[in-house]
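A closer look at the structure
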2 protein chains.
Amino acid sequence: MSFTIQQVMIPVDRGYATVDVQITGQTITAIAPHLEPLGTVINGQDQLLLPGFVNAHTHSSEMWQRGSIPPVPLELWIAELYDFTPLDLERVYLSALGTAVETLLTGGTSVVDHLTLIPGQEFETIATAVKAYQEVGIRAFVAPLIQDESLSASLPDGGLGKQSEAYFRSTQATLDIIEAAVKEFHHPETGVQILTSPTGMQMCSDDLFKGCVELSDRYGLCRHTHLLETKAQAMLAQEKYGRSAVAHLQDLGFLNERTSLAHCVWLTDADIEILAATKSTVVHNALSNLRLGSGIAPVLKYLAAGVNVTFGCDGSASNDSQDLLEAVKMGSILHCVTDVDYKHWITPRKSVEMASLGGATGLNLQDQLGSIEVGKQADLMLYNLSDLSLLPKTDPIGLLILGRPNQVVNQAWVQGKQVVADGQITGIDVDNLKKELFAKSEWASDRPSPMREKMEPHYRQVMNLPV
Amino acid sequence: MSFTIQQVMIPVDRGYATVDVQITGQTITAIAPHLEPLGTVINGQDQLLLPGFVNAHTHSSEMWQRGSIPPVPLELWIAELYDFTPLDLERVYLSALGTAVETLLTGGTSVVDHLTLIPGQEFETIATAVKAYQEVGIRAFVAPLIQDESLSASLPDGGLGKQSEAYFRSTQATLDIIEAAVKEFHHPETGVQILTSPTGMQMCSDDLFKGCVELSDRYGLCRHTHLLETKAQAMLAQEKYGRSAVAHLQDLGFLNERTSLAHCVWLTDADIEILAATKSTVVHNALSNLRLGSGIAPVLKYLAAGVNVTFGCDGSASNDSQDLLEAVKMGSILHCVTDVDYKHWITPRKSVEMASLGGATGLNLQDQLGSIEVGKQADLMLYNLSDLSLLPKTDPIGLLILGRPNQVVNQAWVQGKQVVADGQITGIDVDNLKKELFAKSEWASDRPSPMREKMEPHYRQVMNLPV
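Here is a short report on the structure shown in this document. Computed from a predicted structure; not experimentally measured.

What follows concerns the overall build of chain A. Tallying secondary structure elements over chain A gives 15 helices and 17 strands in all. Here chain A has a C-alpha radius of gyration of 22 Å; the compact-globule value for 467 residues is 23 Å, and the two agree. Based on the C-alpha atoms only, the size of chain A along its principal axes is roughly 70 × 50 × 45 Å. Across the 467 residues of chain A, 59% fall into the buried class. Within chain A, residue pairs in contact and separated by at least 24 positions form 75% of the contacts whose partners lie at least 6 positions apart.

As a further point, take the relation of the copies chain B and chain A. Overlaying chain B with chain A gives an RMSD of 0.0 Å, the required rotation being 180° about an axis along which the chain moves by 0.0 Å. Put plainly, the chains are arranged around a two-fold axis. Closest to the rotation axis within chain B is the C-alpha of N406(B), separated from it by 3.6 Å. Both copies share a contact surface, since 100% of the interface residues of chain B are interface residues in chain A too.

Residue and element names in this part refer to chain A. By the burial criterion, the buried members of helix 8 (residues 269-278) are D271, I272 and L275. Each buried residue of helix 8 lies within a common arc of 100° when the element is viewed along its axis, so the set occupies one face. The exposed set on the far side of helix 8, more than 90 degrees from its buried face, consists of D269 and A270. Residues of helix 8 that are buried in the fold lie against helix 7 (245-251), strand 12 (281-284) and helix 10 (299-304). Looking one or two residues past helix 8, K279 carries a phi angle of roughly 60°, positive in sign.

With that settled, the discussion passes to unusual backbone geometry. Note that the residue after N319(A), namely D320(A), is joined by a cis bond; omega there is 15°. Along the chain, the position of D320(A) falls in the loop between strand 13 (308-311) and helix 11 (324-333). L391(B) connects to P392(B) through a cis peptide bond whose omega is -5°. Structurally, P392(B) is set in the loop between strand 14 (380-384) and helix 14 (396-402). The phi torsion at L228(A) lies on the positive side, around 45°, for a residue other than glycine. The topology assignment puts L228(A) in the loop between strand 10 (223-227) and helix 6 (231-241). Positive phi, close to 55°, is recorded for D46(B), a residue that is not glycine.

Next up on the list: the packing of helix 2 (residues 89-104) of chain B against helix 15 (residues 430-439) of chain B. All names here are of chain B. Packing of helix 2 against helix 15 leaves a shortest axis separation of 11 Å and a crossing angle of 135°. If you check the angle between helix 2 and helix 15, you find them oblique. As helix 2 packs across helix 15, the resulting crossing turns out to be left-handed. The segment helix 2 lies against helix 15, with L94, L97, G98 and V101 engaging V430, L433, E436 and L437. When the residues that make up the contact of helix 2 with helix 15 are grouped by side-chain class, the tally is 6 nonpolar, 1 polar and 1 charged.

Residues and elements named next belong to chain A. Sheet architecture is open: 4 strands sit in the order 10-11-12-13, paired in parallel fashion. A single partner strand is all that each edge strand has here, and the edge strands are strand 10 and strand 13. Strand-to-strand twist in this sheet, taken as the mean axis angle between neighbours without regard to direction, amounts to 30°. As judged from the 4 bridges shared by strand 12 and strand 13, these two strands associate in the parallel manner. By the bridge assignment, V282 is partnered in strand 13 with V309. Strand contacts of helix 12 (residues 348-362): strand 11 (259-263), strand 12 and strand 13, with the helix running at about 115° to strand 13, the strand carrying the most contacts.

Attention shifts here to the interface of chain B and chain A. A common way to state how big an interface is: give the accessible area lost once the parts meet. Contacts between the two partners involve 66 residues from chain B and, on the opposite side, 66 residues from chain A. Among the secondary structure elements, those contributing two or more residues to the side of chain B that touches chain A are strand 2 (15-24), helix 2, helix 9 (286-291), helix 11 (324-333), helix 14 and helix 15 of chain B. Here the side of chain B that touches chain A is composed, by residue class, of 33 nonpolar, 18 polar and 15 charged.

What counts as what
Residues numbered from 1 in each chain as written. Chains lettered and ligands numbered in written order. Predicted model: local features only at pLDDT ≥ 70, side-chain atom pairs only at ≥ 80, totals over all residues. Helix = DSSP H or I, 4+ residues; strand = E, 2+ residues; numbered from the N terminus. Rg over C-alpha atoms; globule rule 2.2 N^0.38 Å. Buried ≥ 20, exposed ≤ 12 C-beta atoms within 10 Å, placed from the backbone. Contact = placed C-beta atoms within 7 Å. Least-squares fit on C-alpha atoms with pLDDT ≥ 70 in both. Arc of directions from axis to C-beta. Axes fitted to C-alpha atoms, helices over the stretch in contact; angles between N-to-C directions. Parallel < 35°, antiparallel > 145°, perpendicular 65-115°, else oblique. Left-handed = near helix turned anticlockwise from the far one by under 90°. Nonpolar A, V, L, I, M, F, W, Y, C, P; charged D, E, K, R; others polar. Pairing = 2+ DSSP bridges.

Below, the structure is given as structure tokens:
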């Protein structure tokens, strides 16, 4: 399949050029002011073509909880999440479809799904998510969420003597599940990858991290984990390791150019140097960090240190949306209040680069994805610039990033295959998806959460809050 | 005209009730589980009815600049804004229409337009905005943006010896324009009010504030102004008054229960006490405050002190959208990072109250607007809860406030008159508006701004930034 997008705006230097872009198979094959049309012709007039963005950190099945958890910090929020996590494959399938659709319709051609696994059906959970992503046609990085310590271990002890039960599955059994999934589903050439992706140092042993490093090296897998999302986690790291979690992960060999780290809110300047030296990527989830009160990640410091930064929506229970353009906007403008010198602020063009090339770099695909260049894969977004939300005409990228675009993705391609046409998802029936999501859920409010209530007294005490 | 919304969800206590709501003329006349239908019947099933929100601070004509000004602080941003402010009534008309449409389709039934006036056509500018708002049918609070000092006066001097030219129009001539507009257009019973609304202490004399107080008292007008949006303004207040701007405005008699104050980022605890004592309202514009790097307004402190707080989008050149639901979301979750005790965080239900009753209170209309109660005006929003962005079903208000709702306003009424039907604006042809905005604008990027370049050296020096 070949196609030519005619007379479309693309960003160049500090302005725009109007060009024809030719795609042959999976690849961008020519870009020039005027080309002999090849294959299907797409009219790009008054539209903006950008590389697809990466929703570089989410948890698809949290969609079943969105809007439902009250404003509480991560440690209590996750307790409530545990109480209500869906435990059937049909819901896993539907929320992966929903996550893919929302991501695609808001600028993302790739998704990193830090996927919650159903106990006893771990392999099937991964299979189900892969199936959903393939149906929608989004490029999928399935990162099974694994741990070998229990939730109660994730709180700092603070000398209070917390009690943690053992985790129900052994470290080796967990690693075996990942290896089986890699053998079955890891096919980068088809747009599906499996990542080694421990939940985070707060619920993982050194052995689990080391096992993930070994699998990653053996199969050439990317690595993904949560890192220092909250102050409580920074406290826990000191208790657990007697030093920064970043230095510890470096010593375990977990940090390299294939590693992306979600959140990174509570890092020191020395930690930042480690991220730069190891070429690790930070995935910034501004909306989740605000909603959970985790803090403001020092993103301008990361950029100044040369650390690669990209954006994620995080799961829908902590955002509560998979609108990637919103995550990019907020992840950009939030930092203007962290540095008085506006020369360091993130410009809309920088945001686009972080969301596209930055995302690709975090997945070690910067040579294949993340920019509109001849020879790169055709993961492309064509934005309609005539919606009221983007009018009057000014600077297209300024409007797209700083505004609140309203259903402006007109066409999208992943590996040269059209996945959005005339604003509609091509791979699945979205009306049917809505009906299924509607039918399988109930209105609710102010529900009790036994796990949250159980953990709250210790949390308040260890965080020095009035009890 | 009477109508009955049947079997609609409304919030009660900490849950929801499904009720019929009856409207007769402009007023809510009955709410009960089942009512004898009166007039037109509206099916409210699986929809949420909320009081209309107030977009409590914007500048409609900034729409012509949205997306175009790079990330710089207010003082330089406004210099660029001055360079490119539209100077014709047709553009004033179109941007007021656009502001009204975007506000209505994102939850707002009222708009406070701090309206930039075309020099020499001040009265005509006000007339044009009023006409646009009446055509769309939104409740309009037109607040003419007046000043009697020049832009260069708005920077702190810092001992550098700044030079400010005189303003082109006398204080009295400005007040005369407002009085003429009040006589012609101030008709609260029809949903149009004129406010006395000096730009802010950074460009207004004491005489202008006092003149506004006098007009406000004589005609029963609300008052509106920018207050301490930036650190530079706080520095200027010390230079200009030798004390806080809040204490100064109090002494001028400007602060009372009819006064709403946009931004309020740089207030001290003593200032906050003055706001509480005078029953002034804070209009929080979180998105603009982030985008311009102004800072994070101490909203949780305001709430703790009993100060009324509501939300605004601010003008589209500093946000760059009139999506009121986005402004409410960000204005709520942003504050979770300002207080470690989550018991002080803003819940979604509190956000709704701030956006509706809080907005009404800031306009001294809390007895007539801002809640769904028998006897109150029917300014109502009916939200469609079956869009993918609000699925699966969980807590409707949680989904609406914490999520990223996508065109979910199904029906809206102002004073009992339907202004949105089946998701479409009833008063004007929005497709035609889009065509006009498109035709009257040009793509642009990286344009020079002479005024910004002129002011930048002094700004960097006085703010102690590397020159």
